[in-house]
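# Topology and contacts: notes
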Amino acid sequence: MSDTVPDEGVTRSEVCAAAVADAFADDGEIFASPMGTMPMLGVRLAKLTSNPDLIISDGESLWLGGVPPIHAKQEVVEGWIPFRRVFDVVAYGKRHVMMGATQIDRHGNQNISAIGDFAQPKRQLLGSRGAPGNTVNNRTSYWVPKHNPRVFVERVDVVSGVGPGRAKAAGKEASRFNDIHRIVTNLGVLDVNGPDDTVRLISVHPGVTVDEVHEATGFELAVAEDLAETRAPSYAELVVIREMLDPKKLREREVPND
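None of these values were measured; they are calculated from a predicted model.

## A look at helix α2 (residues 37–48)
Its 12 residues give α2 an end-to-end C-alpha distance of 17 Å, which sits within 8% of 16 Å, the value for a rise of 1.5 Å per residue. Counted residue by residue, α2 has 9 buried out of 12 residues, so it is predominantly covered. Within α2 the residues assigned to the buried category are M38, P39, M40, L41, G42, V43, R44, L45 and A46.

## Concerning the nonpolar core
With 30 residues, the main nonpolar core has F24, M38, L41, L54, M98, W143 and V184 as its most contacted residues. When contributions to this core are tallied by element, the ones reaching two or more residues are α1 (12–24), α2 and α8 (235–245). With 7 residues, the single largest contributor to this core is α1. Sequence-distant contacts of F24, that is, excluding residues within four places in its chain, are made with A32, V43, A46, N51, L54, H96 and M98.

## Concerning the environment of L48
Looking at the secondary structure, you find L48 in helix α2. The spatial distance from the C-alpha of L48 to the C-alpha of P68 is 10 Å, given a sequence separation of 20 residues. Residues in contact with L48, not counting those within four places in the same chain, are V67, V240, M244 and L245.

## Focus on the sheet that holds strand β5 (residues 103–105)
Here 3 strands make up an open sheet; going across it, the order is β6-β5-β10 and the pairing mixed. Of all strands in the sheet, those bounded by a partner on one side alone are β6 (110–111) and β10 (152–153). Pairing of β5 with β10, which is carried by 2 bridges, proceeds in the parallel orientation. Across the sheet, D105 pairs through a bridge with V153, a residue of β10.

## Considering the pairing of strand β11 (residues 179–185)
Counted residue by residue, β11 has 5 buried out of 7 residues, so it is predominantly covered. The pairing of strand β9 (residues 139–144) with β11 spans 5 bridges and is parallel. What sits directly across from R139, in β11, is D179. Looking at chain direction, β11 and strand β12 (residues 188–191) are connected through 2 bridges and run antiparallel. Note that in β12 the partner of V184 across the bridge is V189. Taken together, β11 and the strand that follows it, β12, pair antiparallel across an intervening segment of 2 residues.

Definitions and limits used
Residues numbered from 1 in each chain as written. Predicted model: local features only at pLDDT ≥ 70, side-chain atom pairs only at ≥ 80, totals over all residues. Heavy atoms only, no water. Helix = DSSP H or I, 4+ residues; strand = E, 2+ residues; numbered from the N terminus. Expected span 1.5 Å × (residues − 1). Buried < 20%, exposed > 50% of the residue type's maximum accessible area, 1.4 Å probe, protein only. Core = buried A, V, L, I, M, F, W, Y, C linked by side-chain atoms within 4.5 Å. Contact = heavy atoms within 4.5 Å. Pairing = 2+ DSSP bridges.

In structure tokens:
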């Protein structure tokens, strides 16, 4: 299966970047926290196109006054956001974070902590880190560069990020701001608006079939009635991606073109 969109010269990685940008398009003035290459590319694409009100940082301690390439430092700085102050923003809620996920289950729970039994895991990962606070307080999306049954599982080994069903079961305070917005993968875009708040396929990328997504998913996947094809980036967006934000093609390390 090729990662080049038929007859358009647009690569799968560029479709993914546009899909990530679309996840942030309607957020308005909010702190965008992308974690990883593709989330950073998509957020900065949104900042330059669909949502100029997004507030972005360098991922370390600075609010950015401009939108630099994803491989470069920004010389224009608007403010200071050290790690301890990020927690103030998390609690306040005006934030949309896009994280990675080692596992996601059909109920939208995410695992970045460990693989195997929690008491004696086979693999120790990052740990839950900010995932519980993110998913209880902030809009949260996920980026998965390799959609496969090892990632999309019936039940995560450890709950790091909280899905809507578990948040509701924990009570009003846990569910009030729980908002699992989008899951963008190399095959399509998903949300958690399936039956009983389960993961649902809402679009497939050009060149991908629904059957391919089903085969790459380790649980029964709901499919939206109005399933669409993920849009390709516009000419203007391609110029921004290729010439301004990612001239070194770092995006293709996550989603190769062959």
